[in-house]
Amino acid sequence: MGTHIILIGFMGAGKTTVGRCLSRQTSWPLFDTDQMIEKRAGMSISRIFEARGEEVFRGLETETIHSLMDREEDWVLSAGGGMPLREENRKLLREAGQVVYLKVNPGTVLHRLQGDTTRPLLAGGDVKKKVEDLLNCRGPIYESAAHIIIKADDRQPEDIAEEIMVAVRAHLL
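All of the points below concern the structure found in this document. As the structure is a computational prediction, the values presented were derived from the model and not from experiment.

1. Quick word on the overall build of the chain
Along the chain, the regular secondary structure elements total eight helices and five strands. Secondary structure elements in the chain, listed N-terminal to C-terminal, are β-α-β-α-α-α-β-α-β-α-α-β-α. Since a compact globule built from 173 residues should have a radius of gyration of about 16 Å, the 15 Å found for the chain is in line with a globular shape. With the C-alpha coordinates of the chain rotated into their principal frame, the extents come out at 45 × 35 × 25 Å. Across the 173 residues in the chain, those meeting the buried criterion constitute 45%. Put simply, 75% of the contacts in the chain that link residues at least 6 apart link residues at least 24 apart. When the accessible area of the chain is evaluated, it comes to approximately 8,800 Å², of which 49% is carbon and sulfur surface.

2. With respect to the sheet that holds strand S5 (residues 148-151)
Spatially, the five strands line up as an open sheet ordered S2-S3-S1-S4-S5, and their pairing is parallel. Single-partner strands in this sheet number two, and they are strand S2 (30-32) and S5. Strand-to-strand twist across the sheet, computed as the mean angle between neighbouring axes with direction ignored, equals 25°. Of the pairings in the sheet, the one linking strand S1 (residues 4-8) to strand S3 (residues 75-78) comprises four bridges and is parallel in character. Paired with Ile 5 across the two strands is Val 76, which belongs to S3.

3. Here's the deal with the packing of helix H2 (residues 33-41) against helix H4 (residues 54-69)
Put simply, H2 and H4 touch, their axes get as near as 10 Å, and they point 105° apart. By the angle between their axes, H2 is roughly perpendicular relative to H4. Together, Thr 33, Asp 34, Met 36, Ile 37 and Arg 40 of H2 and Phe 57, Leu 60, Glu 61, Glu 63, Thr 64, Ser 67 and Leu 68 of H4 make up the contact between the two elements. Of the residues that constitute the contact of H2 with H4, the class distribution is five nonpolar, three polar and four charged.

4. Topic: unusual backbone geometry
For Ser 27, which is not glycine, the phi dihedral falls at a positive 65°. Of note, Ser 27 is situated in the loop between helix H1 (15-26) and S2. Residue Ser 27 is classed as exposed on the basis of its relative accessible area of 66%.

5. Examining the packing of aromatic side chains
Considering all chains together, one arrives at three aromatic pairs under this definition. Taking 6.5 Å as the distance between ring centres and 85° as the angle between the ring planes, the aromatic pair formed by Phe 31 and Trp 75 counts as edge-to-face. You can see Phe 31 sitting in strand S2 and its partner Trp 75 sitting in strand S3, a full 44 residues away along the chain. Measuring from centroid to centroid gives 5.1 Å for Tyr 101 and Tyr 142, while their planes differ by 45°, and the two rings are tilted. Taken together, the residues Tyr 101 in strand S4 (residues 98-103) and Tyr 142 in helix H7 (residues 127-145) connect sequence positions 41 residues apart. Both residues of the pair, Tyr 101 and Tyr 142, belong to the buried class.

What counts, and where the lines are drawn
- Residues numbered from 1 in each chain as written.
- Predicted model: local features only at pLDDT ≥ 70, side-chain atom pairs only at ≥ 80, totals over all residues.
- Heavy atoms only, no water.
- Helix = DSSP H or I, 4+ residues; strand = E, 2+ residues; numbered from the N terminus.
- Rg over C-alpha atoms; globule rule 2.2 N^0.38 Å.
- Buried < 20%, exposed > 50% of the residue type's maximum accessible area, 1.4 Å probe, protein only.
- Contact = heavy atoms within 4.5 Å.
- Areas by Shrake-Rupley, 256 points an atom, 1.4 Å probe, with all protein chains shown as cover.
- Pairing = 2+ DSSP bridges.
- Axes fitted to C-alpha atoms, helices over the stretch in contact; angles between N-to-C directions.
- Parallel < 35°, antiparallel > 145°, perpendicular 65-115°, else oblique.
- Nonpolar A, V, L, I, M, F, W, Y, C, P; charged D, E, K, R; others polar.
- Phe/Tyr/Trp six-rings, centres within 6.5 Å; stacked < 30°, edge-to-face > 60°.

Below is the structure:
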């Protein structure tokens, strides 16, 4: 198996943005699970949640991991924020490559997602409380899934990508 870098973390943590930087630095293809699922389902994530439910969406995430594990070339993956919630997915992600948790605080999430209406789990109600509650619940899960934890608050994506490459190299030695 080649080298695979898998970025996990909460929505707004910068997984896709940092993934693009890693892809440029390494010349490895970047895969985004949410984009892959939308293309495969022929509808947006919000629409999948609405029409088919969260459990069906989580199943699509598992199928997506399996499809990537068959690829032999090196790649970078931006995993959907909820993907590691399933124990099966955590296990698959850790088997597939080096799992990097981009850790952010609630203030960073709220700032980065300000005005974003595409996040079904944040729709309606007290968004700040939802973010805090979800981060408190998901943080330990992300940590248990990760080989490497990188703090991503108030940092440039290029700097985060550089730190990830150093950490991945050290972890693989």
